[in-house]
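Coordinate inspection notes
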Protein chains: 2
Amino acid sequence: MADKSTKAVKEITSMEEDFGKWYTDVVLKTQLVDYSSVKGCVILQPYSYAIWENIQKNLDAMFKATGHTNVYMPMFIPESLLQKEKDHVEGFAPEVAWVTHGGSEPLAERLCVRPTSETLFCEYYSHVVQSYRDLPKLCNQWCSVVRWEKTTRPFLRSREFLWQEGHTAHATAQEAIEETERMLNVYAEFCEKYLAIPVVKGRKTESDKFAGAEATYCIEALMHDGVALQAGTSHYFGDGFAKAFGIQFADKDNTLKYVYQTSWGVTTRLIGAVIMTHGDDNGLVLPPAIAPTEMVIIPVAMHKEGVLEKANELKAALAAAGIRVDLDDSEQSPGWKYSQYEMKGVPLRLEIGPRDIENGCCMLARRDNGEKKSYPLENIAETVKEILAQIQVDMLEKARERRDSMTYAAHNTDELKEITESKQGFVKMMWCGDEECEKAVKETYGVGSRCIPFEQENLGDVCPICGKPAKHMVYWGKAY
Amino acid sequence: MADKSTKAVKEITSMEEDFGKWYTDVVLKTQLVDYSSVKGCVILQPYSYAIWENIQKNLDAMFKATGHTNVYMPMFIPESLLQKEKDHVEGFAPEVAWVTHGGSEPLAERLCVRPTSETLFCEYYSHVVQSYRDLPKLCNQWCSVVRWEKTTRPFLRSREFLWQEGHTAHATAQEAIEETERMLNVYAEFCEKYLAIPVVKGRKTESDKFAGAEATYCIEALMHDGVALQAGTSHYFGDGFAKAFGIQFADKDNTLKYVYQTSWGVTTRLIGAVIMTHGDDNGLVLPPAIAPTEMVIIPVAMHKEGVLEKANELKAALAAAGIRVDLDDSEQSPGWKYSQYEMKGVPLRLEIGPRDIENGCCMLARRDNGEKKSYPLENIAETVKEILAQIQVDMLEKARERRDSMTYAAHNTDELKEITESKQGFVKMMWCGDEECEKAVKETYGVGSRCIPFEQENLGDVCPICGKPAKHMVYWGKAY
């Protein structure tokens with residue numbers, strides 16, 4: 001066993017050598033996912049599902065604190081229902097899975113497995129919204145959705161993936177826009193606070209909007225390899241869906257009005273973002289806030305008298321203090337265990353042996369920066385909590401510094417050419433707002449528009465592509 | 001609004017008059033579910049989903065306390081994978097939904113939407129189980145499954161429903177049998193402790209086993225109308241699936257052995273069981289342990305000075321004490337609110353008006369037995385906690401008394417005839433173990449075998465049907 005897994009750690013390809021292979025090695029060797037005979041779908045093994053549970057728990061609390069409640073909609077959408085909103089069906093129909101038979105009988109109308117549930121929520125709201133008193137409707141759903149992707153990759157793109165989808169209905173456009181922004185802020189705060197991932201908040205260009213939306217807001221993160229990853233989206237629908245589905249309410253002035261709607265979602269993609277933001281050549285590096293195990297205790301010379309007792313005592317005390325702690329008292333060597341938990345990205349390791357016990361202290365080793373120091377056993381729970389909090393802060397800061405160091409400003413096409421040819425990362429550049437110029441940047445320089453950030457900078461007065469007056473500063477980049 | 005909803009309460013059909021209609025009225029009028037255009041599936045509205053969240057949270061903690069971890073498997077099963085275990089595919093193939101197209105292209109192999117995930121877990125375990133060190137595997141999954149039912153009813157039978165499915169693999173038959181029993185006991189304990197539903201624990205007869213199981217254990221509850229409801233099942237598979245899927249491990253003695261497996265599940269059916277065990281002609285009666293709102297505060301004469309302030313202060317204090325409390329300060333009359341929350345089954349109501357405040361007290365009204373008394377505001381959180389705990393105990397006791405009063409012993413066919421013709425409920429009767437006699441009871445007297453209870457009683461030496469020696473005492477009854 002020892003040999004097998006020490007080897008496993010060694011078998012992780014280095015990031016430098018092949019980032020894609022590094023990623024696949026990490027997700028398989030740390031037992032985050034397993035493949036099955038269901039093409040394009042993966043099994044979320046206990047370790048990744050525990051991360052997802054921590055994401056869910058914390059995000060769900062933020063949704064509830066902002067007034068949302070959870071519901072569950074059917075997973076099937078009748079074809080006629082999917083077709084009610086023209087842009088929406090055009091966007092999704094090419095990539096849905098169709099159920100055509102129930103048992104041995106063909107269905108009268110085929111059903112798609114939900115790729116997203118706007119149509120179902122709209123039908124529901126058309127039943128339950130009658131008066132302004134019924135508004136706003138603030139619902140969310142945790143479920144899986146299916147999109148028939150051609151090329152897939154664990155967490156990043158999968159035929160089935162887990163997500164949450166919020167769907168809300170409001171009396172006014174203003175309120176709906178505020179909701180769209182509120183939830184984008186919730187996502188950004190969650191990413192920074194829990195995942196230690198800094199994000200750029202902004203708006204998608206027209207060509208990149210969600211099917212059926214008036215505006216799509218997004219948060220964009222930058223992975224270790226300089227490739228951008230869309231980590232969450234929040235859509236403003238205006239009253240387009242309401243008109244297609246007849247969602248009307250009697251307002252205070254006694255006239256019938258259409259509601260204004262939003263939807264917003266994040267997916268298990270966030271786990272991919274965590275891996276590619278914090279991971280290194282030794283494997284995963286997990287932020288304490290969502291790590292299934294925040295700290296592992298490794299007894300040293302554990303067959304010496306008192307060592308295991310002390311380790312168990314520490315475990316009990318730390319667990320009682322609310323720390324997610326594990327003790328590995330298996331027969332493997334301490335060295336094997338060190339690499340194992342390093343690979344698994346456990347934020348903190350506590351080593352305790354006979355000499356530590358004699359001295360009333362223990363060693364604490366941080367996964368994020370490799371720091372290893374001796375600490376007194378007195379008040380150890382407090383010490384551990386402080387260090388975990390510090391790791392969380394430091395990981396965000398480190399990720400932010402890296403992201404910033406990989407963000408470049410292009411003031412003209414020469415600079416754009418130079419950056420896109422020699423560097424990987426975000427490129428900031430002005431844009432006229434014309435779809436033709438957006439396409440030209442993509443085709444000539446290989447980078448797409450990621451978003452129009454809310455925090456605008458002035459990098460010049462004209463669009464470097466066409467020379468016409470610039471409207472926005474845009475983040476450009478390659479993307480997952 | 002007031003008129004509309006007072007009417008709503010009145011519109012609940014009485015149980016006596018038509019139990020089926022009473023049930024439908026309750027689930028719709030308390031906004032537990034809504035129908036959609038997806039035939040045979042319902043929408044779980046916020047109120048029922050919040051009940052499910054409380055069920056999930058508590059049951060999940062019990063699973064984790066017994067060493068289980070959660071995973072997520074794909075929702076699709078390739079036809080060839082479903083067919084690997086002969087009995088299993090025979091049982092499920094007639095009732096699965098088939099996906100035949102991805103986007104506009106026909107699939108090379110059709111996929112069924114999981115009706116249950118034994119086959120996927122088996123494939124997974126065949127990958128990750130190699131040595132005795134890898135055992136036991138104790139996994140669980142929270143998800144929805146699909147079975148193409150002809151007739152459906154909210155919570156009780158639905159084409160799609162939410163559930164959890166535990167799947168475990170063990171080194172020995174003994175361990176697997178212990179696990180099957182352990183999880184049945186977890187279910188029974190959960191039903192009694194959280195849902196206040198008494199259950200009979202037992203084993204299904206051969207004809208009633210799960211497709212592919214060696215033994216199926218179950219918990220059976222008795223609804224208000226005397227009809228039984230299977231509330232949870234736990235299956236022992238022996239090594240049948242392991243042989244079909246090639247799940248082998250190297251044991252300590254260095255020989256290759258097949259694992260022994262179990263699976264166990266409960267569904268949103270439990271919500272149906274809560275409704276039909278505790279509900280009355282005024283609507284729902286929810287056990288505090290899983291009620292989304294344990295207590296509602298209704299201010300009386302709320303425009304009088306100090307009333308709303310006091311109500312809000314109470315709400316904050318009670319919420320801080322960990323009680324799920326709501327305050328209804330809407331413009332409806334207190335009387336309207338009383339019936340509204342009664343219909344919704346909120347376990348406890350606190351009324352507070354100017355005179356109460358003057359006297360330093362409030363009224364507390366229990367939903368389960370209608371008791372209404374004045375209590376001092378001092379230590380109100382403690383008082384409320386005690387009453388909620390008492391409600392939980394009393395509800396279980398009341399349900400047990402009713403169940404027992406509806407359980408009859410038949411010592412011969414005359415008694416069986418008399419009971420089944422004039423009464424509704426469980427019938428206890430001896431059985432020889434012969435499938436023919438089981439069929440005869442069903443055909444002649446209209447009651448099926450519910451289970452062979454673990455707690456056996458001796459009601460005679462022979463099977464009343466055939467006169468041969470009796471092997472078991474069986475619970476018989478009509479069932480949902």
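In what follows, the accompanying structure is described. (Residues numbered from 1 in each chain as written. Chains lettered and ligands numbered in written order. Predicted model: local features only at pLDDT ≥ 70, side-chain atom pairs only at ≥ 80, totals over all residues. Heavy atoms only, no water.)

**Description of the pattern of salt bridges**
All names here are of chain A. Note the following rule: Just to be clear on terms, a salt bridge is a Lys or Arg side-chain nitrogen sitting within 4 Å of an Asp or Glu carboxyl oxygen. The helix and strand labels rest on DSSP assignments: H or I over at least four residues marks a helix, E over at least two residues marks a strand, and numbering proceeds from the N terminus.
Evaluation of the coordinates by the stated rule reveals 60 salt bridges over all chains. Note that Glu421 and Lys417 form a salt bridge whose closest N and O atoms lie 3.3 Å from each other. Linking Glu421 with Lys417, this pair stays in helix 14 (residues 413-422), spanning four residues, or about one helical turn.

**Overview of the interface of chain B and chain A**
The parts lose accessible area when they come together, and the size of an interface is often stated as this lost area. Which entries qualify depends on this criterion: In this analysis, two residues are considered to be in contact whenever any of their non-hydrogen atoms come within 4.5 Å of each other. We define buried area as the total accessible area lost by two parts upon association, computed with a 1.4 Å probe and summed across both.
Across the contact, 58 residues belong to chain B and 57 residues belong to chain A. Each partner contributes to the roughly 4500 Å² buried at the junction of chain B and chain A, and carbon and sulfur atoms together form 60% of this total. Inspection of the chain B/chain A interface yields four salt bridges. When the shortest N-O distance is used, the salt bridge between Glu53 of chain B and Lys64 of chain A registers 2.9 Å.

**Some points on the relation of the copies chain B and chain A**
Copy one and copy two of the chain differ by a rotation about an axis and a translation along that axis. Quick note on the threshold: Copy-to-copy superposition: least squares on the C-alpha atoms, limited to residues that have pLDDT of at least 70 in both copies.
Of the transformation placing chain B onto chain A, the axial shift is 0.0 Å and the rotation is 180°, giving an RMSD of 0.0 Å. The symmetry that links the two subunits is that of a two-fold axis. Proximity to the rotation axis, assessed at the C-alpha, singles out Val99 of chain B in chain B; its C-alpha lies 2.1 Å from the axis. An overlap of 98% is found between the interface residues of chain B and their copies at the interface of chain A, pointing to a shared contact surface.

**A closer look at the packing of helix 9 (residues 269-278) of chain A against helix 13 (residues 380-405) of chain A**
Residues and elements named next belong to chain A. Rules: Here, axes are lines fitted to C-alpha atoms. For helices the fit covers the stretch in contact, and angles between N-to-C directions go from 0 to 180 degrees. By the definition adopted for this analysis, an angle is roughly parallel if under 35 degrees, roughly antiparallel if over 145, roughly perpendicular if from 65 to 115, and oblique otherwise. Three residue categories are used. Nonpolar comprises Ala, Val, Leu, Ile, Met, Phe, Trp, Tyr, Cys and Pro, charged comprises Asp, Glu, Lys and Arg, and polar comprises the others, including Gly.
It is at 10 Å that the axes of helix 9 and helix 13 come closest, and there the two elements cross at 75°. Classified by the interaxial angle, the pair formed by helix 9 and helix 13 is roughly perpendicular. In this structure, helix 9 uses Met276, Thr277 and His278 to contact helix 13, whose residues at the interface are Met395, Ala399 and Arg402. Split by residue class, the contact of helix 9 with helix 13 holds three nonpolar, two polar and one charged.

**Here we look at the pairing of strand 7 (residues 137-146) of chain B**
All names here are of chain B. Rules: Any residue under 20% of the maximum accessible area for its type is buried, any over 50% is exposed, and the rest in between are partly exposed; the area is computed with a 1.4 Å probe on protein chains only. Only when DSSP finds a minimum of two bridges between them are two strands counted as paired.
Most of strand 7 sits out of view: nine of its 10 residues are buried. Two elements, strand 7 and strand 8 (residues 160-170), share 10 bridges in a ladder whose sense is antiparallel. By the bridge assignment, Cys139 is partnered in strand 8 with His167.

**Focus: the nonpolar core**
Soluble globular proteins tend to bury their nonpolar side chains together. The criterion, for reference: Side-chain atoms within 4.5 Å link the members of a nonpolar core, which is a set of buried Ala, Val, Leu, Ile, Met, Phe, Trp, Tyr and Cys residues.
Judged by nonpolar contacts, the single largest core of 220 residues is most densely connected at Phe76 of chain A together with Phe76 of chain B. With sequence-adjacent residues up to four places away left out, Phe76 of chain B is seen in contact with Val38, Ala97, Val113, Val146 and Trp148 of chain A together with Val99, Leu111, Cys112, Val113 and Leu120 of chain B.

**A short note on the packing of aromatic side chains**
All names here are of chain B. What counts here: Between 30 and 60 degrees the pair is tilted, below 30 it is stacked and above 60 it is edge-to-face, where a pair is any two Phe, Tyr or Trp rings, Trp via its six-membered ring, whose centres lie within 6.5 Å.
Inspection of every chain in the model, using the stated rule, returns 36 aromatic pairs over all chains. Ring centres 5.9 Å apart and planes at 75° place the aromatic pair Trp52 and Trp142 in the edge-to-face group. With a gap of 90 residues between them, Trp52 in helix 3 (residues 46-65) and Trp142 in strand 7 connect regions that are remote in the sequence. An identical accessibility class is assigned to Trp52 and Trp142; each is buried. Ring centres 5.4 Å apart and planes at 55° place the aromatic pair Phe92 and Phe210 in the tilted group. With Phe92 in helix 5 (residues 86-92) and Phe210 in the loop between strand 9 (200-203) and strand 10 (215-222), this residue pair connects regions lying 118 residues apart in the sequence. The class for Phe210 is buried, based on a relative accessible area of 14%.

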